[in-house]
Amino acid sequence: MEFLQTADVGSLLLISIVLVVLCVAGLLIFFGIQIIGTTVVGVIEMVMGVISGGPAVWCGCLVLLAVCGLCAGGALVVATCSSNPSSMNFCLLFSGG
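So, here is what we can say about the structure in this document. Keep in mind that this is a model prediction, so the values were computed, not measured. (Residues numbered from 1 in each chain as written. Predicted model: local features only at pLDDT ≥ 70, side-chain atom pairs only at ≥ 80, totals over all residues. Heavy atoms only, no water.)

1. Thoughts on the overall build of the protein chain
As a reminder, the rule being used: Secondary structure counts use DSSP, requiring at least four H or I residues in a row for a helix and at least two E residues in a row for a strand, with both numbered from the N terminus. We get accessible surface area from the Shrake-Rupley algorithm with a probe of 1.4 Å; when it comes to residues, only the shown protein chains can shield them.
Along its length, the protein chain carries 4 helices and 0 strands. Overall, the protein chain shows an N-to-C arrangement of helices and strands of α-α-α-α. Accessible area of the protein chain: about 8000 Å², with a carbon and sulfur share of 81%.

Below is the structure:
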């Protein structure tokens, strides 16, 4: 117990702050690994379900991806043309001139 008599308040405060930070960081890492692990497992299960489902499931997924891509591309074209109509020649189709 002699070290408590020679320890100053600053070093005890520093030690306590480091311990609190280590505890909080440990909890964040613990829960972060769980969240990442369940997400990765969910994605792997989804991919394996598509692979093992046969061509009918693949076709549906391809159609869904194509529709999502077309919607995103259309939104990008509309956003680009509405902000600056002279930015692309393709925008002339929408403006009618």
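2. Looking at the state of the cysteines
Cut-off, in case you're wondering: Criterion for a disulfide: a pair of cysteine sulfur atoms at a distance within 2.5 Å. Relative accessibility thresholds used throughout: buried, under 20% of the residue-type maximum; exposed, over 50%; partly exposed, between the two (1.4 Å probe, protein chains only).
Enumeration over the complete set of coordinates arrives at 0 disulfides. Free cysteine Cys68: the closest other cysteine sulfur is in Cys71, separated by 6.6 Å. On the accessibility criterion, Cys71 (52% relative accessible area) is exposed.

3. So, the packing of aromatic side chains
Basically, it comes down to this: Note on ring pairs: Phe, Tyr and Trp rings are taken, using the six-membered ring of Trp, and paired if centres are within 6.5 Å. Classes follow the plane angle, with under 30 degrees stacked, over 60 edge-to-face and the rest tilted.
Per the stated rule, a full pass over the model turns up 1 aromatic pair. With 5.4 Å between their ring centres and 70° between their planes, Phe30 and Phe31 make a pair best called edge-to-face. For Phe30, a relative accessible area of 47% translates into the label partly exposed. We classify Phe31 as partly exposed; its relative accessible area is 46%.

4. With respect to a nonpolar patch on the surface
Quick note on the threshold: Only residues above 30% relative accessible area that lack a salt bridge enter a patch, with like-charged residues linked at up to 9 Å and the nonpolar side chains Val, Leu, Ile, Met, Phe, Trp and Tyr linked at up to 5 Å. By salt bridge we mean one thing: a side-chain nitrogen of Lys or Arg within 4 Å of a carboxyl oxygen of Asp or Glu.
A cluster of nonpolar side chains, namely Ile36, Val40, Val43, Ile44, Met46, Val47, Met48, Ile51, Val57 and Trp58, defines an oily patch on the protein surface of about 930 Å² accessible area. Mapped onto the nonpolar patch, the elements with two or more residues apiece are α2 (9-53) and α3 (55-83). No other element matches α2, which puts 8 residues into the nonpolar patch. Relative accessible area serves as the criterion here: at 48%, Met48 is assigned to the partly exposed category.

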